[in-house]
Amino acid sequence: RGNLIVADQFNHRIRMISQNGEVSTLAGQAENPGFADGTGAEAIFCDPNDITMSQQNPDFLYVADSQNQVIRQIKISTREVTTLAGQVQEPVYRDGTGSAAGFYNPSAVGVDDHGHVYVADTDSQTVRLLNVATREVRTVADPSRLARGVNFTPSGVALDKKNHLFVADSDGFIRQLNLD
């Protein structure tokens, strides 16, 4: 489409910048941080920290809504925002489905070719996998699964074209995780 979409974290909005430089709000409202699903300005975020777009279906964005402790989905064509997983404003680490899952400061998201969203769940020191179709969340990396004595505070995630997962660790490391 040629537009740039950004998480305007401290203004609690998702913004779109057109090719000619016009800035518009895709979803959220600056005056009212909090939580609500809805369309456009009816949707409310609290510190949306990161977004990623599905390559399979570029009409969908996934948002790490950090202070709400949830992962949200935006359908770009309709500007509809829905919550996929997490418990609003209740920081808790728990695998599960939909609202039964819990995040603790989800700070970054990346999506693979299968429609799975990987989440850097910073304060739980984990990387989580969200199956968008089923809304199931499970842990794929935590300190117990890494080399002994390794600190692990994931703050970013990215996938390459071969679906290799890379994690930025706030301790200054980039780690490639083997998910087999």
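These remarks concern the structure in this document. If you're wondering where the values come from, they're calculated on a predicted model, not measured in any experiment. (Residues numbered from 1 in each chain as written. Predicted model: local features only at pLDDT ≥ 70, side-chain atom pairs only at ≥ 80, totals over all residues. Heavy atoms only, no water.)

## Points about the sheet that holds strand E5 (residues 48-53)
Formally: In this description, strands pair whenever DSSP reports at least two bridges between them. Helix and strand definitions here come from DSSP, where helices need a minimum of 4 consecutive H or I residues and strands a minimum of 2 consecutive E residues; each element is numbered from the N-terminal end.
If you walk across this open sheet you meet the 5 strands as E4-E8-E7-E6-E5, and the pairing is antiparallel. Looking at strand neighbours, the two that pair on one side only are strand E4 (38-39) and E5, the edges of this open sheet. Pairing geometry for strand E7 (residues 70-75) and strand E8 (residues 80-86), over 6 bridges, is antiparallel. Within E8, the residue paired with Arg72 across the bridge is Thr83.

## Let's talk about the layout of surface pockets
Quick note on the threshold: Cavities and pockets are defined on a 1 Å grid built over the protein atoms alone: a cavity is a set of grid points where a 1.4 Å probe fits but cannot escape, while a pocket is an open set with protein on both sides within 12 Å along at least five of seven lines, and lining residues are those with an atom within 4 Å of any such point. Grid points are joined across faces, edges and corners, and a volume is the space filled by probe spheres set on the points. Polarity classes work like this: nonpolar for Ala, Val, Leu, Ile, Met, Phe, Trp, Tyr, Cys and Pro, charged for Asp, Glu, Lys and Arg, and polar for all others, with Gly in that last group.
Roughly 190 Å³ of volume is contained in the largest pocket. Thr52, Met53, Gln55, Gly110, Val111, Asp112, Asp113, Leu159, Asp160, Lys161 and Asn163 are the residues that line the largest pocket. Within the residue set of the lining of the largest pocket, elements represented by two or more residues are E5 and strand E10 (106-111). Taken together, the residues of the lining of the largest pocket break down into 3 nonpolar, 4 polar and 4 charged.

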